[in-house]
Amino acid sequence: MLNSLPKRPPDKIIKLIQEFRDDPRDRKLDLGVGVYRDASGITPIMRAVKTAEKRLWETESTKTYTGMVGEAAFRHAMVRLVLGRNAPFDRIASASAPGGTGAIHQGLELVKEGSPNARIWVPDPSWPNHRSMAAHLGFDVEFYRYFDFENRNADFDGMCEDLSGVSRGDVVILHGCCHNPTGADLNRGQWFKLADLLLEREAVALVDIAYQGFGDGLDEDATGVRHLASRLPEMLVAASCSKNFGIYRERTGVLLAMSEQASVAGSVQGTLTHLNRQNFSFPPDHGSRLVTMVLEDGELRSEWEAELAEIRDNLRMLRSMLASELHQRTGSDRFGFVAEHRGMFSLMGASPEQVNAIREKFGIYMVGDGRVNVAGLSKDTVPMLADALVSAGI
Ligand code: LMR
């Protein structure tokens, strides 16, 4: 049996981690996988998380199993964080999952149960795992235009035109904020129009929100998802704590499933419990416990919000600096988009050949589609990237 397995190409983002580690050069720069790095190049444990971890170590007295969908305190805290204090709590079922990826997977599993013939609509471009996870679970995948490669903004007209082909019950994957890989988000008015369109098409939104707090602020970054929650009868949200709590390897995420009537939420909760049991039984607990402590303790929460604001400010500073260094070198405004984009990523417009050339010559690793992880830069390395991009002819 094992002999017959096909050779699978490695994931294009994850393979960069090893390739970067294997590169013997001293002067090299990892702008591949989406992790935040501080000025000294490390991915720090956030201060509030470290304090919570210490408290947990002091107070935790057992490691016995917890709930099949995780702790209610965590799930409710995440509903408040993502959907706000006015969320329709009685209509929301939820399940902890191994990271944002696990939450998306469980969301798709739920779709399989409720609407097995749904097509999954994925933005083009998107995080590559969206398409491959949906295909892996046997769904037909459709793409909708998302990005205007010329102006480097969201292609809202193209998006609406393509989404007009959505059928009743189809699922539309949306990035809640800090779009990965483009960095181009929808504005408030566009979210409003999108809600109308999804309502008219009777489509189900599956919002992947993995960078809340990295764009304009915790509440600001949730504008779109909260608006959809206020308008749509049903919705799925997959929220990750990997980036905004810096607990990547703890695999902490949650799936929220909002049904039309509160009377249905109980059976949705039962299905989510069943799906966790079938896929992995109990979800990881350590990270979600830390997140709950940080979100619910006033002091820890203020410290976390302050640190998140530092990260956000740093990202914006790096974006402005990169845009300005590119402007100085090219005399052109065409890189202004870098400062306008939000979150960790921007698509710089490099072809795969240019990405390879930059890696060979400068030891700078970016994803083959030209995605740069701005959060991997520092004041010292921004000029190195600007030189590399210009020398590759971008
Ligand atoms: C990324 O896009 O780099 C991150 O979300 C990490 C991953 O799992 O791909």
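Notes on the structure in this doc start here. Since this is a predicted model, take the numbers as computed values, not measurements.

Definitions and limits used
Residues numbered from 1 in each chain as written. Predicted model: local features only at pLDDT ≥ 70, side-chain atom pairs only at ≥ 80, totals over all residues. Heavy atoms only, no water. Helix = DSSP H or I, 4+ residues; strand = E, 2+ residues; numbered from the N terminus. Rg over C-alpha atoms; globule rule 2.2 N^0.38 Å. Buried < 20%, exposed > 50% of the residue type's maximum accessible area, 1.4 Å probe, protein only. Contact = heavy atoms within 4.5 Å. Areas by Shrake-Rupley, 256 points an atom, 1.4 Å probe, with all protein chains shown as cover. Lys, Arg positive; Asp, Glu negative; His and termini not counted. Charge placed at Lys NZ, Arg CZ, Asp CG, Glu CD. Expected span 1.5 Å × (residues − 1). Core = buried A, V, L, I, M, F, W, Y, C linked by side-chain atoms within 4.5 Å. Domains from an automatic or database assignment. Near = heavy atom within 4 Å. Polar contact = N/O pair within 3.5 Å; in protein donor to acceptor, adjacent residues only side chain to side chain. Nonpolar A, V, L, I, M, F, W, Y, C, P; charged D, E, K, R; others polar.

## Focus: the overall build of the protein chain
Along the backbone of the protein chain there are 14 helices and 13 strands. For 394 residues, the compact-globule formula gives about 21 Å, and the C-alpha radius of gyration of the protein chain, at 21 Å, lands near that figure. Across its three principal axes, the protein chain shows a C-alpha extent of roughly 60 × 55 × 55 Å. Taking all 394 residues of the protein chain together, 54% fall into the buried category. Put simply, of all contacts in the protein chain between residues at least 6 apart along the chain, 75% involve residues at least 24 apart. With an accessible surface of roughly 17,600 Å², the protein chain has 48% of that area assigned to carbon and sulfur atoms. Here the protein chain holds 45 positive side-chain charges and 53 negative ones, and the gap between their average locations is 3 Å.

## What to know about helix 3 (residues 72–83)
For helix 3, which comprises 12 residues, the first-to-last C-alpha distance of 16 Å matches the rise-based estimate of 16 Å (1.5 Å per residue) to within 8%. Taken together, the buried positions of helix 3 are Phe74, Arg75, Ala77, Met78, Val79, Leu81, Val82 and Leu83. Looking one or two places after helix 3, you find Gly84, whose phi comes out positive at around 90 degrees.

## Focus on the nonpolar core
Counting 133 residues, the largest nonpolar core has Met78, Leu174, Leu228, Met235, Phe245 and Trp304 as the members making the most contacts within it. There are two domains that each give this core at least three residues, and those are domain 1 (10–44 + 313–391) and domain 2 (65–296). Residues in contact with Leu228, not counting those within four places in the same chain, are Leu174, Trp191, Ala195, Leu198, Ala205, Val207 and Met235.

## Some points on the site of the ligand
Neighbouring the ligand are the residues Ile13, Val33, Gly34, Trp127, Asn180, Tyr211, Lys243 and Arg371. Trp127 is positioned with one of its side-chain polar atoms (N or O) 2.9 Å from an oxygen atom of the ligand. Starting from 260 Å² of accessible surface for the ligand in isolation, the protein chains cover 81%. Counted by class, the shell around the ligand contains four nonpolar, two polar and two charged residues. Domain assignment of the residues forming the shell around the ligand places at least three in each of domain 1 (10–44 + 313–391) and domain 2 (65–296).

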